[in-house]
Amino acid sequence: MLELNEKQIIIYFEKHLRKLGVRKNDNLVIHSNLASVGVYHKNLPSIFLTVLSKIIGKKGTFALPLYNYELRKKKIINMDVDYSLKQNSILSKQFFKKFKYSRTSSIFHSHLIHGKLSKIFLKNNNFNSFGKNSDFNLFYKNNFKLLLLGCDASQGATYIHHVEDKFLTSYREIKKFKFTIKKKNKLIKTILTCKVRKKNVYQNLNKIFFLPEIKKITKTDKLKFGKSYILKIRALDNLCTNIFKKKPNIINI
């Protein structure tokens, strides 16, 4: 792995993001694997977010995933401190404390939000993962782009599950989860109804993400140990909706 100084890494990230078409006023939801970048600096996550913030400017917004499947067995979920250690990237983990007051309300699929549109997401007290008024629905409404930084769809295109959730499928079953949530020192009891994959059902989102029609609307740029991908969420949603209508089991292995 190549060790660079801060100035060199800033130039590296600026070049990479601009090649992907990231520009002023963009709204982005970002999934990442910084190991794919292939360079080392102790402040790599911080440098990336500084560069990103500079490019999109004050009118832009970015979201980082903070997902929480592992928390479903806890009696009380503290939304100010709890999150899944296994599911989240270095970028999300390192900046959880910094952005903890900008965390959305979804229990399983919360996001850290920073930028102009933060208030829209933070005022949304929806605990569900998908569907109407979910974070993903707000990404669609507010014309976000999906940026997969150094990772592919199998690692980060969770938005596709939001599209999948529109349909009744034979490989998912409806389950209810009871939660007590602690948020800003308030306790809230809630019940979530989710479509959960049945046992022995495995999925790979790359099976839909790398179809020719999706590739056509996706920009890519190489990294030392992988690639980054970016595309408009509305376009992804529309194409995936049509694909799921024709082939409901397409992402199943």
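Residues numbered from 1 in each chain as written. Predicted model: local features only at pLDDT ≥ 70, side-chain atom pairs only at ≥ 80, totals over all residues. Heavy atoms only, no water.

## Let's talk about the sheet that holds strand β10 (residues 219-223)
Point 1. The six strands lie next to each other as β6-β4-β2-β7-β11-β10, forming an open sheet whose pairing is mixed. Two strands lie at the open edges of the sheet, namely β6 (109-115) and β10, each paired on one side alone. On average, adjacent strands in this sheet sit at an angle of 20° to one another, irrespective of strand direction.
Point 2. In the packing of helix α1 (residues 6-19) onto the sheet, the strands contacted are β7 (145-149), β10 and β11 (226-232), and the crossing angle to β10 comes to about 155°.
Point 3. Relative to strand β4 (residues 61-67), helix α2 (residues 44-56) is tilted by about 145°, and along the sheet it contacts β2 (27-32), β4 and β7. (Pairing = 2+ DSSP bridges. Helix = DSSP H or I, 4+ residues; strand = E, 2+ residues; numbered from the N terminus. Axes fitted to C-alpha atoms, helices over the stretch in contact; angles between N-to-C directions. Contact = heavy atoms within 4.5 Å.)

## Let's talk about helix α10 (residues 233-246)
Point 1. Taking 1.5 Å of rise per residue, 14 residues should cover 20 Å, and α10 covers 20 Å from first to last C-alpha, within 8% of that figure.
Point 2. Every buried residue of α10 is accounted for by I233, L236, D237, C240, T241, I243 and F244. (Expected span 1.5 Å × (residues − 1). Buried < 20%, exposed > 50% of the residue type's maximum accessible area, 1.4 Å probe, protein only.)

## Some details on the environment of R23
Point 1. When you line up the elements, R23 lands in the loop between α1 and β2.
Point 2. For R23, a relative accessible area of 48% translates into the label partly exposed.
Point 3. The residues contacting R23, other than those within four sequence positions of it, are I55, I56 and K145.

## What about a nonpolar patch on the surface?
Point 1. A contiguous nonpolar patch, built from M1, Y40 and F225 and spanning about 370 Å² of accessible area, is present on the exposed surface.
Point 2. Relative to the elements of secondary structure, Y40 occurs in strand β3 (residues 39-40).
Point 3. Assessed through its relative accessible area of 41%, Y40 is described here as partly exposed. (Patch = residues over 30% accessible without salt bridge, like charges linked within 9 Å, V, L, I, M, F, W, Y side chains within 5 Å. Areas by Shrake-Rupley, 256 points an atom, 1.4 Å probe, with all protein chains shown as cover. Salt bridge = Lys/Arg side-chain N within 4 Å of Asp/Glu carboxyl O.)

## Considerations on the pairing of β2
Along a regular strand, successive side chains alternate from one face of the sheet to the other.
Point 1. Burial analysis of β2 places six of its six residues in the buried class, which makes it a mostly covered element.
Point 2. With burial as the criterion, each face of β2 is covered, one bearing N27, V29 and H31 and the other bearing L28, I30 and S32.
Point 3. Strand direction decides the pairing type here: β2 and β4, joined by three bridges, are parallel. Following the sheet pairing, V29 is matched in β4 by A63.

The analysis is restricted to geometry; functional conclusions fall outside its scope.
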